[in-house]
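Spelled out from the first residue to the last, the chains are:
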Amino acid sequence: MTIYWDRCDLCGQYRPTRSCTIIPSLQVDIHCCAACPYRGNKCTSPTWKIEVPSTGLKTRREISSEEKERLLRELESLLKGS
Ligand SMILES: [Zn+2]
């Protein structure tokens, strides 16, 4: 069996990964990148670009755990193409 994808260093899932912008030695998948609290704050250019409609919430420093869960579910459904 061939594994095409890398393994996310954060969640351990085998998924397509990219090198983290802040910590280049870290391989992150789109889920963890999207849920990262540094996104849009300390991290001005996340390795995974995700288009988010402007809601005027760009200045928020962190996203809530509920928001993270919602984002993860949304991304998962997108990746599954459902
Ligand atoms: Zn991950």
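Residues numbered from 1 in each chain as written. Predicted model: local features only at pLDDT ≥ 70, side-chain atom pairs only at ≥ 80, totals over all residues.

Draft legend 1. Examining the overall build of the protein more closely. When helices and strands are tallied, the protein shows two helices and four strands. Going from the N terminus to the C terminus, the protein shows its helices and strands as β-β-β-β-α-α. Scored against the burial criterion, the 82 residues of the protein give a buried share of 13%. For the protein, contacts bridging at least 24 residues in sequence account for 28% of all contacts bridging at least 6. (Helix = DSSP H or I, 4+ residues; strand = E, 2+ residues; numbered from the N terminus. Buried ≥ 20, exposed ≤ 12 C-beta atoms within 10 Å, placed from the backbone. Contact = placed C-beta atoms within 7 Å.)

Draft legend 2. Highlighting helix α2 (residues 65-80). Here α2 is 16 residues long and its end C-alpha atoms lie 22 Å apart, about the 22 Å a rise of 1.5 Å per residue gives. Once α2 ends, the next one or two residues include Gly 81, with phi positive near 70°. (Expected span 1.5 Å × (residues − 1).)

Draft legend 3. Examining the environment of Ser 19 more closely. Along the chain, Ser 19 turns up in strand β3 (residues 17-19). The class of Ser 19 is exposed, set by 11 C-beta atoms lying within 10 Å. Among residues more than four places away in sequence, those in contact with Ser 19 are Pro 24, Gln 27 and Thr 47.

Draft legend 4. Structural view of the environment of Lys 49. Relative to the elements of secondary structure, Lys 49 occurs in the loop between α1 (30-35) and α2. On the basis of neighbour counts, which here come to 10 C-beta atoms within 10 Å, the residue Lys 49 falls in the exposed class. Between the C-alpha atom of Lys 49 and that of Ile 30, which follows or precedes it by 19 residues, the distance is 8.7 Å.

Draft legend 5. Quick peek at the environment of Ala 34. Tracing the backbone through its elements, the reader meets Ala 34 in helix α1. By the C-beta count within 10 Å, which is 19 here, Ala 34 ends up partly exposed. As a C-alpha pair, Ala 34 and Leu 72 span 38 residues in sequence and 7.9 Å in three-dimensional space. Once you skip the residues sitting within four places of it in the chain, Ala 34 turns out to touch Trp 48, Ile 50, Leu 71 and Leu 75.

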